[in-house]
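Observations on chain architecture
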Amino acid sequence: MKENIVNLGLFGFGTIGAGVVRLLDANADVIEEKTGSKLALKKIVDIDTETDRGVELPEGVLSADAADIIDNDDIGIVIELIGGAGVAREIVANALQKGKHVVTANKELIAKHGPELVRLAGQNGVRILFEASVGGGIPVLTPLLGCLRGNRINRVLGIVNGTTNYILTQMEATGADFDVILKEAQELGYAEADPTNDIEGFDAAYKAVILASAAFGKKVDVSSIMREGITKVGMADMEYARELGYTIKLLAVLEDNGAAVDVRVHPCLLPCSHPLASINGVLNAVYLEGDPIGPLMFVGQGAGPSATSSAVIGDVLELLTSGTSAAGGTAWNIFADSELAPVTSVSNAFYMRLTVSDMPGVLADVGGCLGRLDVSLASVVQKKTDGKSAELVMLTHSVNEGNMAKALEQLKDLKCVETISTALRVFDS
Ligand code: HSE
């Protein structure tokens, strides 16, 4: 019988690219048994053709010339692992225009240009798949677009960034401050030398808008969503949150009320009893509530070569087994236009930690300022005082985001308020 060989082209030979090479080698038998096809990496293109990645390649496979893949008619499936939305966008668009299917792990590219690339794929009778772009190895987009598609998805909550989850988990476990744990995470290779993308929530924001398209079928502009990172979360907040029965997590929060979608990324006090509260370290998890499925949670490794290559090769095999025609399989029509709910239409409970002058009348001033903006307090605790200044920890009832933003501005102007150290949303329901 003639062997069915499927030729692949890989752009980007970094850590994840090397993981794909390893997986194809180690699991070649499993893949052939399950699909009847042999996957062959025909060409790998990277600007660096010298560095040893610790994997063996046959002579002539590695090249620095994109045309070796783009103009190669033997290659029908392109894997893009370059990252970013610059060169990668051009290469993916070229590959689609040449009638090649594309599999990518690139969250920034899909978050910013997914709709245009899906459209381009359709126009060229091919598909672009990106399971690895959210949650690394965790299957989440494919189930949302496949077996869960008959559900109305009401809400999705995700821990979708391993670096920040590691930092928050370690702060809580060791009592060490953010900077100390960030340095440790960098030494361990969990955080980048420039950690901005992770700690300021950009990476999670890309994943949040991709999740929104898969969960709600809606297109969301990533630059418009509320995004806060974890740099302002202090050790004191960790301790106080725990005393109140919460842990602190960086969450992607997605809700669809029918008329508008609310998509945001921010650190959040989460009740210790919530299923996401026990997702620690570099693990990722996506928790969703669907009708009729009810609550459902996906947990696993959200990054790294093993997990990511699992999702990448899963997409390649999806192309082989579910039909490669533009009409076949999943991931189509998932980018309808949508309205993003204005922040002022959203309500949350808040946690605040502030330092105030320790003198009579201060609580009345602070409470009055909040009350005038309809911010109702659920609890106030005075934590520390040195006789001159006192630290207050406050929890509000659910309040309008717009009113809360104004309240925080006005609190800053009160003479008795020295600093507002933290204001975090509280997730209770
Ligand atoms: N830097 C990401 C994380 C992985 O820490 O989860 C890639 O998206």
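Residues numbered from 1 in each chain as written. Predicted model: local features only at pLDDT ≥ 70, side-chain atom pairs only at ≥ 80, totals over all residues. Heavy atoms only, no water.

1. Considering the nonpolar core
The nonpolar side chains of soluble globular proteins are, as a tendency, buried together. Grouped together as the largest cluster of nonpolar side chains are 82 residues, with contacts concentrated most on L96, I128, L144, I167, L211 and V263. The element contributing the most residues to this core is helix 10 (residues 202–216), with 11 residues. Each residue touching L144, except ones within four places of it in the same chain, is listed here: R149, I153, L211, A214, A215 and L288. Counting residues in hydrophobic clusters, the runner-up holds 28 residues, among them F13, V21, V61 and L319. (Core = buried A, V, L, I, M, F, W, Y, C linked by side-chain atoms within 4.5 Å. Buried < 20%, exposed > 50% of the residue type's maximum accessible area, 1.4 Å probe, protein only. Helix = DSSP H or I, 4+ residues; strand = E, 2+ residues; numbered from the N terminus. Contact = heavy atoms within 4.5 Å.)

2. Some details on helix 10
Its 15 residues place the ends of helix 10 21 Å apart at the C-alpha level, agreeing with the 21 Å of an ideal helix rising 1.5 Å per residue. With respect to burial, helix 10 is a largely interior element, 14 of its 15 residues being buried. G217 sits one or two residues past helix 10 and shows a positive phi near 70°. (Expected span 1.5 Å × (residues − 1).)

3. Some points on the packing of aromatic side chains
One pass over the full model with this rule turns up one aromatic pair. When the centroid spacing of 4.8 Å and the interplanar angle of 65° are considered together, the rings of Y166 and Y190 count as edge-to-face. Of the two residues, Y166 sits in helix 7 (residues 162–174) while Y190 sits in the loop between helix 8 (178–187) and helix 9 (196–199), which places them 24 residues apart along the sequence. A relative accessible area of 8% places Y166 in the buried class. Stacked on the ring of F202, the Lys or Arg R227 has its end atom at 3.8 Å from the ring centre. (Phe/Tyr/Trp six-rings, centres within 6.5 Å; stacked < 30°, edge-to-face > 60°. Lys NZ or Arg CZ within 6 Å of the ring centre and 35° of its normal.)

4. Overview of helix 12 (residues 305–321)
Along its 17 residues, helix 12 runs 24 Å from first to last C-alpha, staying within 8% of the 24 Å computed at 1.5 Å per residue. Listed in full, the buried residues belonging to helix 12 are A307, T308, S309, A311, V312, I313, D315, V316, L317, E318 and L319.

5. Points about the side chain of T163
Its location among the elements puts T163 in helix 7. You can call T163 buried: its relative accessible area is 8%. Other than its neighbours up to four places away in sequence, T163 contacts Y190, A191 and D198.

6. Details of the sheet that holds strand 5 (residues 101–104)
Hydrogen bonds between backbone groups are what pair the strands of a sheet, and the pairing can be parallel or antiparallel. Spatial strand order, 3-2-1-4-5-6: six strands in an open sheet with parallel pairing. Each end of this open sheet is capped by a strand with a single partner; those strands are strand 3 (62–63) and strand 6 (128–129). Relative to strand 4 (residues 77–80), strand 1 (residues 4–11) is paired through four bridges, and the arrangement is parallel. The residue of strand 4 that forms the bridge with L8 is I77. (Pairing = 2+ DSSP bridges.)

7. A few points about the pairing of strand 2 (residues 37–45)
In regular strands, side chains alternate between the two faces of the sheet. Sheet topology note: the strand 1/strand 2 ladder contains eight bridges and is parallel. Note that in strand 2 the partner of I5 across the bridge is K38.

8. As for the domain arrangement of the protein chain
For the protein chain, the assigned domains read domain 1 (5–139 + 307–333), domain 2 (141–300) and domain 3 (344–426). With centres defined by C-alpha atoms, the gap from domain 1 to domain 2 works out at 27 Å. Each partner contributes residues to the interface: domain 1 has 16 residues there, and domain 2 has 19 residues. Between domain 1 and domain 2 lies a buried interface of about 1500 Å² when both sides are counted; carbon and sulfur atoms form 73% of it. Considering only the surface of domain 1 that becomes buried against domain 2, A111, V134 and I138 emerge as the three largest contributors, covering 35% of it. Applying the counting rule to domain 1 against domain 2 returns zero salt bridges. Linking domain 1 with domain 2 are two residue pairs in polar contact (both at pLDDT 80 or more). In terms of residue count, helix 5 (residues 107–123) provides more of the side of domain 1 that touches domain 2 than any other element does, six residues in total. (Domains from an automatic or database assignment. Buried area = accessible area lost by both parts, 1.4 Å probe. Salt bridge = Lys/Arg side-chain N within 4 Å of Asp/Glu carboxyl O. Polar contact = N/O pair within 3.5 Å; in protein donor to acceptor, adjacent residues only side chain to side chain.)

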